[in-house]
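Structural overview for review
So you can see what is in the structure, the chains are spelled out below.
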Amino acid sequence: MARTVPLESFQEHFGNLVELSSEALGGQVLDFSDEFFSPASDLLKVPPPISKKGQFGPNGALFDGWETRRHNPNHDWVIIRLGPPSGTIVGLDIDTGHFSGNEGPAASVMACFMQEGTPTSNSEHWQEILPISPLGPASRHLFLLADEYTKKPFTHVKLLMHPDGGIGRFRVYGNVVPLFPEPQVAFDLAHSFNGGRCVAVSDQHYGVGANLLLSGRGKDMGDGWETKRSRKPGHTDWVIVKLGAPGYLDWTEIDTAHFLGNFPESVDLYATQYDNEIPPADAEWELILPRTKTGPHRQHCLQLQQLSHPVTHVRMTIYPDGGVKRLRLIGRRAVDGVKSEPSQVPQEASTSVNGTTGASTASNKPLPNTKFPTIPALPLTPEAFAAYGHVIQAYPNPHHVPKGTKVVSANFGSALKFNHLSPITALPHPTDANAVQAPNFSVYHCTPTQELGGPSKAKFEVRVLEKHEYSSQSFIPLGGGSDRYLVIVALPGQDGQPDLQTLRAFTASSSQGFTYAPNVWHHPMIALDRTTDFACITNETGDAKVDCEILEYGKTVMLVEQP
């Protein structure tokens with residue numbers, strides 16, 4: 001039998017469960033017996049019901065909830081499709097909202113599993129999970145289900161109101177039953193539909209941590225995670241996500257959509273492996289993303305440092321506070337009996353590749369001969385590219401620019417000017433006093449590669465890298481459209497050679513240019529979709545040995561693929 005739970009115990013029993021019926025997860029009312037006064041779809045709204053006292057429509061007084069006609073001889077009902085593909089149901093929250101005197105006096109709930117089609121009200125698939133239970137006016141009623149029902153997957157629920165009246169909200173709590181792809185297929189291990197859950201959070205004053213794992217980019221700041229402003233030096237906020245399955249993580253997307261003046265200054269990610277729901281206080285966390293600056297209303301796609309073992313939990317720390325809309329953790333699950341190796345070479349040492357924390361210390365050890373390491377080509381953003389140079393682009397909204405960028409009106413108000421997006425740097429040669437540099441403004445006419453350019457998502461082989469030790473080098477595509485090109489970069493190691501642990505790949509659009517900082521190793525330009533012209537600005541002495549150092553490996557050292 002189901003048992004009731006006092007409202008003050010909600011967090012204890014429901015705090016770490018998923019609201020399977022919420023419209024935010026795709027929950028949907030499919031059918032109903034009656035909604036004469038108020039629509040059944042109101043049952044699945046995210047905010048609590050509000051009072052509409054004194055407001056009237058053509059059918060009578062207005063209420064925020066589901067309200068049916070009077071004098072039903074039997075019961076009213078509504079059929080709901082849960083948001084995730086399926087889920088186990090642990091508890092129910094039946095809220096009569098602001099219905100007082102016209103509330104539904106009792107309710108029961110049925111559920112069924114039906115992946116295809118829609119069950120009818122009298123379908124034989126229904127089974128009762130909550131017997132008829134009394135409801136009171138204007139109050140929430142929490143029920144924990146019997147254990148026999150919490151182990152079964154369900155796709156639909158039917159709420160029955162005995163005999164008629166109004167219910168403000170109906171929330172079904174439980175756990176997602178994910179449908180996993182094959183072990184070698186990368187997917188979002190943190191997404192709520194894939195079993196990811198927010199299990200601990202430092203603060204959620206304006207928006208709850210569970211919002212991080214929802215679909216899409218949301219509609220406003222209200223459907224993200226946002227903490228209150230901190231006033232203490234050294235303050236940070238954090239959230240811990242339990243992955244839907246143990247896995248190897250390749251890259252992350254940290255989305256600050258709609259957070260324009262309250263995005264975090266920076267973030268970092270740590271991972272661990274524990275069977276516990278919440279890792280213990282003394283858990284050992286390993287760095288997978290060094291502290292990285294963030295920007296406003298931006299999808300930050302960042303490659304992760306891979307570990308040699310699968311992980312179960314990820315902790316995101318934001319410095320010092322702020323709001324994040326979504327957190328995606330892309331990787332492959334680890335399955336017993338199926339060896340799912342990391343796609344990249346495991347990190348040998350701590351490396352700053354995406355952020356603000358100094359030079360690389362990773363060693364250049366030989367790559368394995370049995371399998372080429374693979375990295376993803378992620379979208380080019382100023383924050384992700386910061387360790388290698390600068391991104392040159394305009395922004396449709398001046399509030400979306402990187403912090404510190406000065407935007408002014410120009411051309412008598414017909415244009416916006418984005419200032420100082422990238423420096424043009426010339427460094428003195430330390431041993432050749434006669435190496436005088438002069439700017440060279442040139443154009444590269446680049447034909448597309450057959451790799452990575454089509455729907456087959458072929459992998460691009462990295463066999464050569466070059467660098468301009470004493471000069472920056474800027475590339476700006478000429479022409480518009482949506483043509484893409486590939487940027488591959490690496491930081492120099494302690495010996496000056498490319499540190500392959502810091503090799504990163506970015507997919508840029510023809511509306512973006514960029515600048516390599518001096519001494520950054522990079523691959524020659526790679527057009528993907530069609531022949532593209534690039535304006536190039538660099539400083540040269542005229543001595544090829546001074547101006548450009550080329551390293552040809554004579555073999556493939558890395559593979560680049562589109563996620």
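Cut-offs used in this document
- Residues numbered from 1 in each chain as written.
- Predicted model: local features only at pLDDT ≥ 70, side-chain atom pairs only at ≥ 80, totals over all residues.
- Heavy atoms only, no water.
- Pairing = 2+ DSSP bridges.
- Helix = DSSP H or I, 4+ residues; strand = E, 2+ residues; numbered from the N terminus.
- Axes fitted to C-alpha atoms, helices over the stretch in contact; angles between N-to-C directions.
- Buried < 20%, exposed > 50% of the residue type's maximum accessible area, 1.4 Å probe, protein only.
- Salt bridge = Lys/Arg side-chain N within 4 Å of Asp/Glu carboxyl O.
- Polar contact = N/O pair within 3.5 Å; in protein donor to acceptor, adjacent residues only side chain to side chain.
- Contact = heavy atoms within 4.5 Å.
- Phe/Tyr/Trp six-rings, centres within 6.5 Å; stacked < 30°, edge-to-face > 60°.
- Lys NZ or Arg CZ within 6 Å of the ring centre and 35° of its normal.

1. Describing the sheet that holds strand E39 (residues 532-540)
- Taken in spatial order, the 5 strands make up an open sheet running E27-E36-E33-E39-E30, and their pairing is antiparallel. In this open sheet, the two edge strands, each paired with only one partner strand, are strand E27 (389-392) and strand E30 (438-446). Each strand axis lies, on average, 20° off the axis of its neighbour in the sheet, ignoring direction.
- Where E30 and E39 come together, 9 bridges link them in antiparallel fashion.

2. Re the pairing of strand E15 (residues 169-176)
- Where burial is concerned, most of E15 is hidden: 7 out of the 8 residues are buried.
- In terms of strand pairing, strand E2 (residues 18-19) meets E15 through 2 bridges, oriented antiparallel. In the sheet register, Val18 faces E15, and the bridge partner there is Gly174.
- Two elements, strand E8 (residues 87-95) and E15, share 8 bridges in a ladder whose sense is antiparallel. Note that in E15 the partner of Asp95 across the bridge is Arg169.

3. Examining the pattern of salt bridges
- Under the counting rule described, the total for this entry stands at 19 salt bridges.
- Of the charged contacts, one joins Asp34 and Arg69 as a salt bridge, the two residues approaching to 2.1 Å between their closest N and O atoms. Of this pair, Asp34 sits in the loop between strand E3 (28-32) and strand E4 (56-57) while Arg69 sits in the loop between strand E6 (66-67) and strand E7 (76-81); the two residues are 35 residues apart in sequence, bridging distant segments of the chain.
- Asp34 gets classed as buried once you look at its relative accessible area, which sits at 10%.
- The residue Asp529 makes a salt bridge to Arg484 at a minimum N-O spacing of 2.8 Å. Here Asp529 is found in the loop between strand E38 (526-527) and E39, whereas its partner Arg484 is found in strand E34 (residues 484-490), with 45 residues between them in sequence.
- With relative accessibility at 32%, the residue Asp529 sits in the partly exposed group.

4. Structural notes on the sheet that holds strand E9 (residues 106-112)
- Read across the sheet, 5 strands follow the order E3-E7-E13-E9-E10 without closing on themselves; strand pairing throughout is antiparallel. Looking at the sheet topology across the chains shown, the edges are occupied by E3 and strand E10 (127-134). The average undirected angle you get between the axes of adjacent strands in this sheet is 20°.
- As paired strands, E9 and strand E13 (residues 156-162) are joined by 7 bridges and run antiparallel to one another.

5. A short note on the side chain of Ser108
- With respect to the element layout, Ser108 can be found in strand E9.
- Its relative accessible area of 3% is what places Ser108 among the buried residues.
- At 2.9 Å, the side chain of Ser108 and the side chain of His162 are in polar contact.
- Setting aside its immediate chain neighbours within four residues, Ser108 contacts Glu128, Leu130, Pro131, Ile132, Lys158, Leu159, Leu160 and His162.

6. Topic: the environment of Leu378
- Counting through the fold element by element, Leu378 comes out in strand E26 (residues 374-379).
- Overall, Leu378 belongs to the buried group, its relative accessible area being 2%.
- The spacing of Leu378 and Val557 is 179 residues in sequence and 19 Å in space, taken between C-alpha atoms.
- When neighbours within four sequence positions are excluded, Leu378 is seen to be in contact with Trp251, Cys301, Leu302, Gln303, Ala505, Phe506, Thr507 and Pro563.

7. Quick look at the packing of aromatic side chains
- Tallied over the full model, the rule gives 18 aromatic pairs.
- Summarising the aromatic geometry, the rings of Phe180 and Phe187 are spaced 5.8 Å apart at their centres and angled 45° between planes, so their arrangement reads as tilted.
- Of the residues examined, Phe180 reaches a relative accessible area of 30% and is grouped as partly exposed.
- On the numbers, 5.5 Å between centres and 85° between planes, the contact of Phe385 with Phe506 is edge-to-face. Placement of the pair is Phe385 in the loop between E26 and E27 and Phe506 in strand E35 (residues 504-509), with a sequence separation of 121 residues.
- The rings of Phe385, Tyr388, Tyr444, Phe475, Tyr485, Phe506, Phe514, Tyr516 and Phe534 are connected pair by pair, giving a single aromatic cluster.
- Positioned over the ring face of Tyr270 is Arg315, at 5.1 Å from the centre of the ring.
- Of note, Arg315 hangs over the ring of Trp285, and the distance from its end group to the ring centre comes to 4.9 Å.

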